Amino acid sequence: MPRSSSADLVPVGDWLRSRRPFRQLRSALLDAEAFLNGYQTGVAGAAWRQVRDRAGDDAAVVEAIDLLLHRLSPRPRVRLGAAGPGLFLESPGATRELGAVCAVVVLNDLSGGVRVKRCGRADCDRVFLDWTNPNNRVACRYHPADGAECVT
């Protein structure tokens, strides 16, 4: 298998071994929120919208995430990394999007449930990923804690 640059690798094993995995996943989870809300477009834009549209229905979200993984192009491959015993998912050209999908999968796996949620504010149609430890976040990150107007 040909070697590729480190920019094309998503170090999933590092996330799983981390003492604070949500902190390690933060950048990829923010990317996932951007894909979910249409602020970033990727090769699987329609599949991201399907995940977004199913927020609140855990079984439907899991099914949509699985479909999203199958729509990524080029398809991910798995190999051992040269820097250590971790596994790396490789997808040249779609690494950021693949990293975002993997972060959502790892978040759900580590937390024991689906954490794709709709913003609780009536004036907001965003979805967000709740990576708080108690899983009690109710609004997207654009809303201040005091309930002020939505920040765009």
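You'll find the structure just up there.
Now for a look at the structure at hand. Quick caveat, the model's predicted, so the values are computed rather than measured. (Residues numbered from 1 in each chain as written. Predicted model: local features only at pLDDT ≥ 70, side-chain atom pairs only at ≥ 80, totals over all residues. Heavy atoms only, no water.)

With respect to the packing of helix α3 (residues 45-53) against helix α4 (residues 58-71)
At a minimum axis separation of 8 Å, α3 and α4 run at an interaxial angle of 170°. Viewed along their axes, α3 and α4 adopt a mutual orientation that is roughly antiparallel. Note on element contacts: α4 touches α3 through Val 61, Ala 64, Ile 65, Leu 67, Leu 68 and Arg 71, opposite Ala 47, Trp 48, Gln 50 and Val 51. Counted by class, the contact of α3 with α4 contains 8 nonpolar, 1 polar and 1 charged residues. (Axes fitted to C-alpha atoms, helices over the stretch in contact; angles between N-to-C directions. Helix = DSSP H or I, 4+ residues; strand = E, 2+ residues; numbered from the N terminus. Parallel < 35°, antiparallel > 145°, perpendicular 65-115°, else oblique. Contact = heavy atoms within 4.5 Å. Nonpolar A, V, L, I, M, F, W, Y, C, P; charged D, E, K, R; others polar.)

Here we look at the environment of Ile 65
For Ile 65, the position within the fold is in helix α4. Residue class for Ile 65 comes out buried when judged on its relative accessible area of 7%. A C-alpha to C-alpha distance of 8.5 Å links Ile 65 and Gln 50, two positions 15 residues apart in sequence. If sequence neighbours within four positions are ignored, Ile 65 has contacts with Val 51, Val 101, Val 104, Val 105 and Asn 108. (Buried < 20%, exposed > 50% of the residue type's maximum accessible area, 1.4 Å probe, protein only.)

A word on α3
Looking at α3, one finds that the buried residues are Ala 47, Trp 48, Val 51 and Arg 52. The buried residues of α3 all sit within an arc of 150° when viewed along its axis, so they share a single face. (Arc of directions from axis to C-beta.)

A word on the state of the cysteines
Inspection of the entire model under this criterion finds 0 disulfides. Cys 124 supplies the cysteine sulfur nearest to Cys 119, a cysteine that is in no disulfide, at a spacing of 3.9 Å. (Disulfide = S-S within 2.5 Å.)

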